[in-house]
Amino acid sequence: GLHSLSPLIEEIADMVRENEQVKSASSDDVDTTPVIFVGGKGGVGKTSISSSLAVALASSLEHDLKVLVVSTDPAHSLGDALDVDLRNVESVNGKKKPTLLMDPLTNGKLHALEVDPSAALAEFQSNLQLFDVSTLSSSLGMNVPPQLLQDLGLNELHTIIKNPPPGLDELVALANVLDPKNAEEYDVIIVDTAPTGHTLRMLQLPQFLDGFLQTLLKLREKLKGLVQTLQMFLGGQQQAVAQAASQMDVDKALEALESFQERTSKLRQRLQKSSATKFVVVSIPTILSVRESKRLMHELAEQGVCVSDLVLNQCVGKVNNADGSLSVEEASESMKRYYDRRVAGQQRWISELRDACADVSQTEEYRENTGGSNDSNDIVVKEVPFYDVELVGAPALGFIGSITFGSDER
C-alpha cells in the first residue's frame, strides 16, 4: 500500500463500515457509498494518486473492499495508468460498463471506468429538446402558437439546450455513475476528476440544476392542461391520437428529467456530507501548483465540501525513516540514482516521440496538410532543459521562450 496514504485508507475503511451499519439499520433505500474525489491542477499526478489509492484499497487483505475508480476528465489517462484498455469496452444501453482488472494484486476487487461526458450530456439534452418551444409546438400534433408555450416559461430552456454551462457534461456523467442503482455494487468509489477549473464548475452546478429541473417539472400540469384545452377546442380523432402519442413522449421525457433531478439533488447533498464524501487535493511543491491548491481548498470549503487530505506529489530528497533523517552521503547517492533513472527514462520516451513525429510527418495526410513533400515541413521536436529554479514572471518566461523557440532547427 501507499505509506503516505495509509491514514486516509483507514478513514475510508471506517466510512465503509459506518455505511454498512447505516444500511443494515435503515429500512429505506439509503446509499452512502463513500466517494473520494481526487482533484488538483493539471499535470500534478491526480490520475497516478487516484489509481494508486484505488489499488491500495482493493488489494488490502485486511479490509476486503470492492472498489470502483472512475475518470471524469475528458482527456482520460486512467487506462494508461492502470495499463488496461478502458476505451474499447462493452456498453449497456449506450453506457460503458466498468472493466474488472484481472491482476493478481487486486484479485478481482477493482473495477475501472472512463466515463464519456459528451455522450451523457447528449442523452440529457435529448430529454430537454422536446421542451424547446419550436419542437414542442410541432410535436403536439396541433397548430399550437409558439407564444402560448413561451408564456409557460419554456423559452428559457433554449439557452441550456443549445449552450449548456461548462461542467454540465461531467456532472451528468458523474450523476449517472453515482446513481444508487450503480453505486451500491461497490464499497467505495474513487473519482479522478478533471483539472481544477472543470471540477469547481462541475461542483457548482448541482444547486443550479436542482432548481432548474424543479421549475421544469412544475410545467407538467400546465402542459397537460394546455393540450387538453386545445383538444377540446380543436376536437377530432386524429388530433386526439396525435395528442396521446405526443403526451406519452412528454411524460417519458419528464420522467427521465425527474429521475435526473432526484439524482442531482442527492449528489448535491452527498458532496456536503463529510461522512460519505471526501476530497483529496493533489499538488506538487511549486509556486503555481501551491497557489492553485490554496484557491481550490478555499473554494471547496465555501461550497461545503470536505477536503480531508492534501497529497504533495513529486517530492525530492524525502525518506521514510522514523526521524526523517538522511546522511549527506545517503542523500547524494539517492539523488544520483534518481537522476540516472530520470535521464534514462526520459531518453527512452524522447526517442519514441521523435520516431512517432517522423512517422506522422511521412504520412500522406500530413503531407497534404503541409502543402507538399518537403522534409523542411516535418514536425520539429524541441527539448527544453530542466531548471533547478521556478521560472515565474514575464522575464523568466521570455528566457524560456528564447531558448525554446529562439532558433530554427529547420
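Residues numbered from 1 in each chain as written. Predicted model: local features only at pLDDT ≥ 70, side-chain atom pairs only at ≥ 80, totals over all residues. Heavy atoms only, no water.

With respect to the overall build of the protein
Scanning the protein from terminus to terminus reveals 16 helices and 9 strands. Per-residue burial for the protein yields a buried fraction of 39% across its 410 residues. Residue pairs at least 24 apart in sequence account for 76% of intrachain contacts in the protein once pairs closer than 6 positions are excluded. (Helix = DSSP H or I, 4+ residues; strand = E, 2+ residues; numbered from the N terminus. Buried < 20%, exposed > 50% of the residue type's maximum accessible area, 1.4 Å probe, protein only. Contact = heavy atoms within 4.5 Å.)

Some words on the pattern of salt bridges
Applying the stated criterion across every chain yields a total of 6 salt bridges. Where Arg17 meets Asp14, a salt bridge forms, and the shortest distance between an N and an O atom there is 2.2 Å. Separated by 3 residues within a single helix, Arg17 and Asp14 lie in helix α1 (residues 6-25), roughly one turn from each other. Using a relative accessible area of 41% as the deciding quantity, one classes Arg17 as partly exposed. (Salt bridge = Lys/Arg side-chain N within 4 Å of Asp/Glu carboxyl O.)

Some details on the confidence of the model for the protein
For the protein, per-residue confidence averages 75 on the pLDDT scale, and residues scoring 70 or more make up 68% of the total. With pLDDT under 50 throughout, residues 240-245 is counted as low confidence; its partners more than four residues away or in other chains account for 7 contacts. (pLDDT = per-residue confidence, 0-100.)

Observations regarding a nonpolar patch on the surface
The grouping of Met335, Tyr338, Tyr339 and Val343 at the surface amounts to a nonpolar patch, some 360 Å² of accessible area in total. For Val343, the position within the fold is in helix α14 (residues 328-361). For Val343, a relative accessible area of 32% corresponds to the partly exposed category. (Patch = residues over 30% accessible without salt bridge, like charges linked within 9 Å, V, L, I, M, F, W, Y side chains within 5 Å. Areas by Shrake-Rupley, 256 points an atom, 1.4 Å probe, with all protein chains shown as cover.)

Here's the deal with the packing of α1 against helix α2 (residues 46-58)
Across the interface, α1 lies against α2 with an axial gap of 11 Å and an inter-helix angle of 60°. In terms of orientation, α1 and α2 fall into the oblique class. α2 is crossed by α1, and the crossing has right-handed handedness. Contact with α1, carried on its side by Leu8, Ile9 and Ile12, involves Leu53, Ala56 and Leu57 of α2 and no other residues of that element. Each residue belonging to the contact of α1 with α2 can be placed in one class, and the counts come to 6 nonpolar, no polar and no charged. (Axes fitted to C-alpha atoms, helices over the stretch in contact; angles between N-to-C directions. Parallel < 35°, antiparallel > 145°, perpendicular 65-115°, else oblique. Left-handed = near helix turned anticlockwise from the far one by under 90°. Nonpolar A, V, L, I, M, F, W, Y, C, P; charged D, E, K, R; others polar.)

Here we look at helix α8 (residues 168-177)
Here α8 lies mainly inside the structure; 9 of its 10 residues are buried. Of the residues making up α8, those classed as buried are Leu168, Glu170, Leu171, Val172, Ala173, Leu174, Ala175, Asn176 and Val177.

Focus: the packing of aromatic side chains
Summed over all chains, the structure comprises 1 aromatic pair. The ring centre of Tyr186 lies 5.4 Å from the NZ or CZ of Lys66, which sits over that ring. (Phe/Tyr/Trp six-rings, centres within 6.5 Å; stacked < 30°, edge-to-face > 60°. Lys NZ or Arg CZ within 6 Å of the ring centre and 35° of its normal.)

Observations regarding the sheet that holds strand β5 (residues 99-100)
With mixed pairing, 7 strands are arranged side by side in an open sheet as β5-β6-β2-β7-β1-β8-β9. Edge positions in the sheet fall to β5 and β9 (307-312), since each of these pairs with one other strand and no more. Bridge count for strand β1 (residues 35-40) against strand β7 (residues 188-192) is 4 bridges, and the pairing is parallel. Paired with Ile36 across the two strands is Ile190, which belongs to β7. Helix α13 (residues 287-302) contacts β1, β8 (277-283) and β9 of the sheet and is inclined by roughly 165° relative to β8. (Pairing = 2+ DSSP bridges.)

Topic: the environment of His76
Looking at the secondary structure, you find His76 in the loop between β2 (67-71) and α3 (78-82). C-alpha separation for the pair His76 and Arg87, spaced 11 residues apart in sequence, amounts to 9.3 Å. His76 has contacts with Ser71, Arg87, Glu114 and Val115, leaving out every residue within four places of it along the chain.

A few points about the side chain of Ser293
Position of Ser293 relative to the elements: it lies in helix α13. A relative accessible area of 5% means that Ser293 is categorised as buried. The residues touching Ser293, leaving out its near neighbours within four places in the chain, are Val281, Val282 and Ser283.

Quick notes on unusual backbone geometry
A positive phi angle is found at Asp64, which is not glycine, with a value near 50°. Relative to the assigned elements, Asp64 resides in the loop between α2 and β2. Even without being a glycine, Asp83 presents a positive backbone phi close to 60°. Mapped onto the elements, Asp83 comes out in the loop between α3 and β3 (91-92).

Quick notes on α2
Along its 13 residues, α2 runs 18 Å from first to last C-alpha, staying within 8% of the 18 Å computed at 1.5 Å per residue. In terms of burial, α2 is a largely internal element, 10 of the 13 residues being buried. (Expected span 1.5 Å × (residues − 1).)

Overview of the pairing of β7
Side chains on a regular strand alternate between the two faces of the sheet. By the criterion of burial, β7 is predominantly enclosed, with 5 of the 5 residues buried. Along β7, one buried face is formed by Val188, Ile190 and Asp192 and the opposite face, lined by Ile189 and Val191, is buried too.

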